[in-house]
Amino acid sequence: MTDSTDMRSATMEQIFYGLAVLACPVGMGVMMWLMMRSNKKPTSDAPPAEASAAELAQLRADLDRLRAGRGLAHDGGAAEKGPR
């Protein structure tokens, strides 16, 4: 009976070591497949041009109102630095 237990134990050890050896390459292959699969999807990061142009116009108008309220002139984005 001890021979069969030892044999099962040795077989289980071989299976465990075999799985441990295969875990790294199989995991790497799965990660590479997932990365290649994600690169094929089209990216839609850019919003439609009409919406972004309207938003940009609104933001510029807000900025002009804020500058007018503080007495700052539009100088290409560089604000004067004065003593604080």
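This one's a predicted model, so the numbers in the text were calculated from it and none came from an experiment. (Residues numbered from 1 in each chain as written. Predicted model: local features only at pLDDT ≥ 70, side-chain atom pairs only at ≥ 80, totals over all residues. Heavy atoms only, no water.)

Draft legend 1. Structural detail: the overall build of the chain. The helix and strand tally for the chain stands at 2 helices and 0 strands. The buried share of the chain, taken over its 84 residues, is 1%. Counting only carbon and sulfur atoms, one obtains 64% of the accessible surface of the chain, whose full area is about 8200 Å². (Helix = DSSP H or I, 4+ residues; strand = E, 2+ residues; numbered from the N terminus. Buried < 20%, exposed > 50% of the residue type's maximum accessible area, 1.4 Å probe, protein only. Areas by Shrake-Rupley, 256 points an atom, 1.4 Å probe, with all protein chains shown as cover.)

Draft legend 2. Spotlight on the pattern of salt bridges. As enumerated under the stated definition, the model contains 1 salt bridge in all. The partner of Arg65 in a salt bridge is Asp62, and the shortest N-O contact between them spans 2.0 Å. Placement of both Arg65 and Asp62 in helix α2 (residues 49–70) is noted, with a separation of 3 residues, approximately one turn of the helix. Judged by relative accessible area, Arg65 falls into the exposed class, the value being 52%. (Salt bridge = Lys/Arg side-chain N within 4 Å of Asp/Glu carboxyl O.)

Draft legend 3. View of a nonpolar patch on the surface. A cluster of nonpolar side chains, Leu22, Val26, Val30, Trp33, Leu34 and Met36, forms an exposed patch at the surface whose accessible area comes to about 600 Å². Residue placement: Val26 occurs in helix α1 (residues 2–39). (Patch = residues over 30% accessible without salt bridge, like charges linked within 9 Å, V, L, I, M, F, W, Y side chains within 5 Å.)

Function cannot be read off these values alone, since they describe shape.
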